[in-house]
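Listed below are the residues making up each chain.
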Amino acid sequence: MDKLLKAFNKQLSAYHISIKEGVLIDASIVDSPHRPDGTLRITVADDREDTRSDDEKDEEEAYHKFLLQERKGTDSEARWVKKKVYRYGCKKHVLTNREGVLRQVITTPANRSDLKELIPLLREEDLPADTPVYADKGYATEKNRAFLAMHHLRDCIMNRAYRNRHLSQAEHLFNCSINPIRSVIERTFVSIRRWYDRGRCRYRGLAKTHTQNILESIAFNLYRTSGLIISQCIK
């Protein structure tokens, strides 16, 4: 399925729909209806970063082994995550161009930290030097910034404030300039949910859910690029 998405996007270069102006990276949770019943008795990872101890992670794995044996029908490969409320499912990490056209998709359990998938997404795309990479402050880690510098990619990750260090005026202005560009990827997520009624996992397991995510991406690209091509012809 990944090869199919890549083959489709390769054809778009003939219509000047490319990544030259930059790429956007973000993630979205896909909820699973095949969630376990009953009271949640484990410590759940936060959406942005998993700060749990090894014992708490082992406790979660033991809990899911119990679910697999005792509660048939539960998606054993999905996971809990805390994003304001507790959610159970998978997470799709995506890379798009500046118009929101989907280029790369990685599917993981929902408790997978967003920041760990920036480098895998960029490695799959093989970007030319000096390509701007836009992402929100959740991806602002030294490892991610070092990867961008090493591969001569332009660092357009939003700056992050810390408890003992507030943003400078220059960093705040930089974030304000990035935000309108980065919001395009949010519209991509919303459009997929609205057009294709897709906000949940229709199947059990990561492999089938990844297939669903890829097919949704191709359908979205088909719908989106027709307008982009027409607009270029008008110009």
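In what follows, the structure referred to is the one given above.
Below is a short write-up of the structure. As a convention, each chain's residues are numbered from 1 in the sequence order in which they are written. With the structure being a predicted model, the display of local features is reserved for residues of pLDDT at least 70 and the display and counting of side-chain atom pairs for 80 or more, all residues being used for whole-chain, interface and lining totals. Here the side-chain values reflect all heavy atoms present in the structure, with hydrogen atoms and water set aside.

**Describing the nonpolar core**
Only buried residues count toward a nonpolar core, which is a set of Ala, Val, Leu, Ile, Met, Phe, Trp, Tyr and Cys residues joined through side-chain atoms within 4.5 Å. Relative accessibility under 20% of the residue-type maximum defines a buried residue, over 50% an exposed one, and the middle range a partly exposed one, all with a 1.4 Å probe and only protein chains included. Counting 19 residues, the largest nonpolar core has I25, L118, L122 and V133 as its most contacted members. Working definition: helices are DSSP H or I runs of at least four residues, strands are E runs of at least two. Numbering for both runs from the N terminus. Elements supplying a minimum of two residues to this core: β1 (23–31), α3 (118–125), β5 (132–135) and α4 (142–150). Of all the elements, α3 adds the most residues to this core, at four residues. We call two residues in contact whenever any of their non-hydrogen atoms come within 4.5 Å of each other. Those residues within four positions of L118 in sequence are excluded, and the remaining contacts are I25, A135, Y139, N144 and I157.

**Considering a negative patch on the surface**
A cluster of acidic side chains, namely D54, D55, D58 and E59, defines a negative patch on the protein surface. Residue position: E59 is located in helix α2 (residues 54–70). Nonpolar side chains (Val, Leu, Ile, Met, Phe, Trp, Tyr) within 5 Å and like charges within 9 Å form the patches, drawn only from residues with over 30% relative accessible area and no salt bridge. Each accessible area is a Shrake-Rupley estimate made with a 1.4 Å probe; only the visible protein chains count as cover when residues are assessed. Salt bridge criterion: a side-chain nitrogen from Lys or Arg within 4 Å of a carboxyl oxygen from Asp or Glu. His is not counted, nor are the chain ends; Lys and Arg add positive charge and Asp and Glu add negative charge. Charge positions come from single atoms, namely NZ of Lys, CZ of Arg, CG of Asp or CD of Glu.

**Overview of helix α1 (residues 2–12)**
All of the buried residues in α1 are L5, F8, N9 and L12. Down the axis of α1, the buried side of the element spans an arc of 95°, and every buried residue falls inside it. Turned more than 90 degrees away from the buried face of α1 sit K3, K6, K10 and Q11, all of them exposed. Of all possible arcs, the one meant is that of the directions from the helix axis to the C-beta atoms.

**Structural notes on the packing of aromatic side chains**
Side-chain rings of Phe, Tyr and Trp, where Trp is taken by its six-membered ring, are said to pair if the distance between their centres is within 6.5 Å; with planes under 30 degrees apart they count as stacked, over 60 as edge-to-face, and otherwise as tilted. Scanning all chains against the criterion turns up three aromatic pairs. Taken together, the ring pairs connect W195, F220 and Y223 into an aromatic cluster.

**Focus: the environment of L5**
Within the secondary structure, L5 is located in helix α1. Sequence-wise, L5 and L222 are 217 residues apart; in three dimensions their C-alpha atoms are separated by 11 Å. Sequence-distant contacts of L5, defined by excluding residues within four places in its chain, comprise L102, R103, V105, I214, S217, I218 and N221.

**Thoughts on the pairing of β1**
Across the nine residues of β1, eight count as buried, placing the element largely inside the fold. Strand pairing is assigned whenever DSSP identifies at least 2 bridges connecting the two strands. For β1 and strand β3 (residues 85–97), the ladder comprises nine bridges, and the chain directions are antiparallel. Bridge assignment links D31 to a residue of β3, and that residue is G89.

Read these as spatial facts, not as claims about activity.
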